[in-house]
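Survey of secondary and tertiary structure
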Amino acid sequence: IVSLSFASAMWVVVLALVGQTVVGTLSDFGIMLGPVVASALLAAVPAGLGAAVVPLVAQLSGRQAGGAAGASFAWSTVGSIAGVLATGYVLLPQLGISGAMLLGAGLVFAALLLAVGRVLPAAAGLLAVGLAVWLVQERTSAALVDISNGYHRIRVIEQAGVRALYLDSTLEGSVRLGSAVPVLSYQRGFMGIMEGAPRLRRALFLGGGSFSMPRYLKKLRPEALVEAVEIDADVIDIARRYLELDDAVRVHHGDGRRVLANSTGRYDLIVNDAFNGVRKIPFHLVTVEFNQLVARRLSDTGLYAVNVIGHDRDSALVTSVTRTLQAVFPVVRSYRPRRRGGNLWLLAARQPFVAGEPVPAVGGGQVLRDGHAPVEYLIARDVVPRSFR
């Protein structure tokens, strides 16, 4: 049993040190097969070794096998719950993925050594693990900040006076120091939407990221009240420290739908930019019920803008989001800053407006509702074919 636990902990140490490299080499397997292969290679060994402990305990207990197995399962459940809570709320926010894995493996080593009466080696092992965690945290990196929390791995990388914000592997926005003009073309192109909201007095952005668009809007319309909602408190803090976010933009910390439901007054512009790339889309921000909430919070001439990635007619996700908008708003248009590919803005309102191109009745896709919004399935339909080309 000690050998199995030791081998499992050693495997976790290997994962912490080379796991990211191994996963990178498996990217050619695609978005569907890649995670399966990576999970089998990286997680099967410690999972299998851990699963073998309870049968061995039962076998070694002789006539007390039933009680020993029950106690093992009970303590295993308690440990699993404690491990999940400690990892999610303490280890990942403080140490990141590699640091948390190294610390967990070190605690297993220490417990094993203490179990066989090796106190000094256990203390030395804990000290070595602490040093390894510190080295992982302090290793040189091109990033000004590189942390992991319950939402993302957050990095800010500076090059030639431009600071780029990455959430996991997605570039969320870039800021040129000393300038409020967005660096990314789709964010600059967003200002073309202003043609549809000429009487803009109050605007709300769902999803902060680099806060490039709300900062830019505030510069162009200084008389307007510009608000933004960001669910990740670390993103807000990093934007204030590294991305020149100041108090000119009123920032709310929380879930966009909840903040919008609890807000007072009405907005002339609501922007849904809360999607993390094309793969991470909060389903509750694209449903009929959410669109109805948006409609209630818009002024009579207000405009709702949704940023999605995909082709107007070929994307299952885009066609579904469009049909869902058309189920609530009588006027829906599309606006693409660039002619080919990339980000697409879907614009919706109760009254006709100038910006964008008219969107005909959409074929395909589905109307998304709170009780049935399979956005992951729709994303897979868009992404998987490309990953096997």
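Up top you'll find the structure we're talking about.
The present account deals with the structure reproduced in this document. Per-chain numbering applies: the sequence of each chain, read as written, is numbered from 1 onward. This being a predicted model, a pLDDT of at least 70 is required before a residue's local features are given, and a value of 80 or more before pairs of side-chain atoms are given or counted; all residues contribute to the totals for chains, interfaces and linings. The side-chain figures draw on all heavy atoms in the structure; neither hydrogens nor water molecules are used.

**Concerning the overall build of the protein**
As a reminder, the rule being used: Secondary structure elements are taken from DSSP: a helix is a run of H or I of four residues or more, a strand is a run of E of two residues or more, and numbering for both begins at the N terminus. In this scheme, a residue with accessible area under 20% of its type's maximum is buried, one over 50% is exposed, and one in between is partly exposed, where area comes from a 1.4 Å probe on protein chains only. All accessibility values rest on the Shrake-Rupley procedure with a 1.4 Å probe; residue burial counts only the protein chains present in the view.
Tallying secondary structure elements over the protein gives 12 helices and 12 strands in all. Burial status across the protein gives 44% buried among its 389 residues. Carbon and sulfur atoms make up 60% of the accessible area of the protein, which totals about 20,100 Å².

**Some thoughts on the pattern of salt bridges**
Put simply, the rule is: Put simply, a salt bridge is a Lys or Arg side-chain nitrogen that is within 4 Å of an Asp or Glu carboxyl oxygen.
All told, the structure shown has 10 salt bridges when counted by the stated rule. Close ionic contact of Arg163 with Glu158 constitutes a salt bridge, the shortest N to O distance being 3.0 Å. Three or more residues joined by partner-sharing salt bridges are found here, namely Arg266, Asp300 and Arg350.

**Examining the side chain of Asn307**
Our working definition: Side-chain atoms alone can form a polar contact between residues adjacent in sequence; in general such a contact is a pair of N or O atoms within 3.5 Å, and within protein one must be able to donate a hydrogen while the other accepts it. Here a residue-residue contact requires only that any non-hydrogen atoms of the pair lie within 4.5 Å.
Position of Asn307 among the secondary structure elements: in strand S9 (residues 298–309). Within the local environment of Asn307, its side chain forms a polar contact with the side chain of Asp273, the two groups lying 2.8 Å apart. Residues contacting Asn307, with those up to four places away along its chain left out, are Tyr186, Asn272, Asp273, Phe275, Asn343, Leu344 and Trp345.

**With respect to the sheet that holds strand S12 (residues 357–358)**
One key point about sheets: their strands pair by backbone hydrogen bonds, in either a parallel or an antiparallel sense. Quick note on the threshold: In short, DSSP must find at least two bridges between two strands for them to pair. For helices, the fitted line uses only the C-alpha atoms of the stretch in contact; every axis is such a line through C-alpha atoms, and the angle between N-to-C directions lies from 0 to 180 degrees.
Pairing is mixed across the open sheet formed by 8 strands, whose spatial order is S7-S6-S5-S8-S9-S11-S10-S12. Two strands bound the open sheet, and with one partner strand each, they are strand S7 (250–253) and S12. As judged from the 5 bridges shared by strand S8 (residues 267–272) and S9, these two strands associate in the parallel manner. Residue pairing across strands places Ile270 opposite Tyr304, the latter belonging to S9. With respect to the sheet, helix H10 (residues 288–297) is in contact with strand S5 (202–206), S8 and S9, its orientation differing from that of S9 by roughly 140°.

**Side note on unusual backbone geometry**
Backbone geometry places Ala160, a non-glycine residue, at a positive phi of 55°. If you trace the backbone, Ala160 turns up in the loop between strand S2 (153–159) and strand S3 (162–167).

**What about the environment of Leu378?**
Examined against the element boundaries, Leu378 turns out to sit in helix H12 (residues 375–387). With relative accessibility at 1%, the residue Leu378 sits in the buried group. The residues touching Leu378, leaving out its near neighbours within four places in the chain, are Ala316, Leu317, Ser320, Gln366 and Leu368.

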